[in-house]
Amino acid sequence: MANELDEMDTTVLEEGRDVNVIAKQLPVKVGVGSKIFEVLLWILGIIPGIVFLIMKIKAGNYFMQLQQKMQHDASQIDNYLEQRVVILQNCSRLLDKAIDLDKSTFTQLAAYRSGNATYDAASDAERNDFAEKIDTVSRKVNIAFENYPELKAHNEIADAMQQNSYLQREITAARELYNDTVNAWNRDIYAWPTKMIVAAKRGYTTRIPFVASKEIKEQARAVFF
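Residues numbered from 1 in each chain as written. Predicted model: local features only at pLDDT ≥ 70, side-chain atom pairs only at ≥ 80, totals over all residues. Heavy atoms only, no water.

A. How the structure looks around the packing of aromatic side chains. Tallied over the entire structure, the rule returns seven aromatic pairs. Both rings, one in F37 and one in W192, keep their centres 5.1 Å apart while their planes meet at 50°; by these two values the pair is tilted. A residue pair is termed long-range when its members are at least 10 positions apart, and F37 in helix 1 (residues 32-44) and W192 in the loop between helix 5 (155-188) and helix 6 (194-201) qualify at 155 residues. W192 gets classed as partly exposed once you look at its relative accessible area, which sits at 47%. Where F63 meets Y204, the ring centres are 5.5 Å apart and the plane angle is 70°; that geometry is what we call edge-to-face. With F63 in helix 2 (residues 46-98) and Y204 in the loop between helix 6 and helix 7 (214-220), the pair connects residues that are 141 residues apart, well separated along the chain. Residue Y204 is classed as buried on the basis of its relative accessible area of 11%. Here the guanidinium or amino end of K195 rests over the ring plane of Y62, the centre of that ring lying 4.4 Å away. (Phe/Tyr/Trp six-rings, centres within 6.5 Å; stacked < 30°, edge-to-face > 60°. Helix = DSSP H or I, 4+ residues; strand = E, 2+ residues; numbered from the N terminus. Buried < 20%, exposed > 50% of the residue type's maximum accessible area, 1.4 Å probe, protein only. Lys NZ or Arg CZ within 6 Å of the ring centre and 35° of its normal.)

B. Local environment of unusual backbone geometry. Cis geometry is adopted by the peptide bond preceding P193, which originates at W192 and carries an omega value of 10°. Here P193 lies in the loop between helix 5 and helix 6.

C. Expanded view of the pattern of salt bridges. Applying the stated rule across the entire model yields four salt bridges. As a salt-bridge pair, K56 and E38 come within 2.6 Å of each other at their nearest N and O atoms. Placement of the pair is K56 in helix 2 and E38 in helix 1, with a sequence separation of 18 residues. The two residues K56 and E38 agree in class, both being buried. The closest approach of N and O atoms between D188 and R187, which form a salt bridge, is 3.4 Å. (Salt bridge = Lys/Arg side-chain N within 4 Å of Asp/Glu carboxyl O.)

D. Summary view of helix 6. Within the span of helix 6, buried status applies to T194, M196, I197, V198 and A199. Once helix 6 finishes, G203 follows within two positions and takes phi at roughly 75°, a positive value.

Following this line, the structure appears as structure tokens:
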């Protein structure tokens with residue numbers, strides 16, 4: 001049997017290839033074979049049937065616990081995002097006193113802080129969209145800060161920018177932790193037979209991990225030096 005990925009193949013993607021997360025949730029489905037498997041266990045005897053039943057109960061409990069962990073990990077991201085909004089709002093106020101900052105920047109931050117933004121903490125997609133908007137606002141503030149070197153001597157502004165940078169790193173770390181939990185979920189719901197059968201019966205689907213925002217991707221492609 002030939003190798004699926006042949007290192008001797010001379011085909012090279014010289015133009016490169018950009019990779020993006022596909023925002024699609026896949027439902028878990030099992031076929032007739034899984035049903036036959038369960039029936040056979042009971043036919044073979046009451047003990048195999050009971051053992052598999054206990055295994056399914058444990059799998060169900062595992063999934064419920066994993067969902068709670070996912071909620072906890074997502075909550076950590078929400079907390080850091082909220083702190084970042086507060087820091088950027090304070091920084092925006094300080095910059096606004098020193099220079100003519102784009103008024104829409106402060107308006108956006110005020111909307112996010114007051115909860116007027118269309119953001120539902122229960123939705124991965126909306127949380128990701130919210131983070132992308134905050135990245136956009138942060139870039140505006142950073143540009144304003146860099147365009148006025150004399151502001152770097154302002155201790156409060158410099159401290160706010162440092163806190164913003166710290167929170168961005170914390171958000172990145174929290175996202176990685178959340179994505180690890182999502183990866184465990186997406187892997188285990190397809191672990192046949194026990195977990196996959198339970199996941200299918202409960203109507204579980206794959207979860208979409210967090211991804212870098214469009215704003216961050218654009219910055220990553222920029223020339224820094």
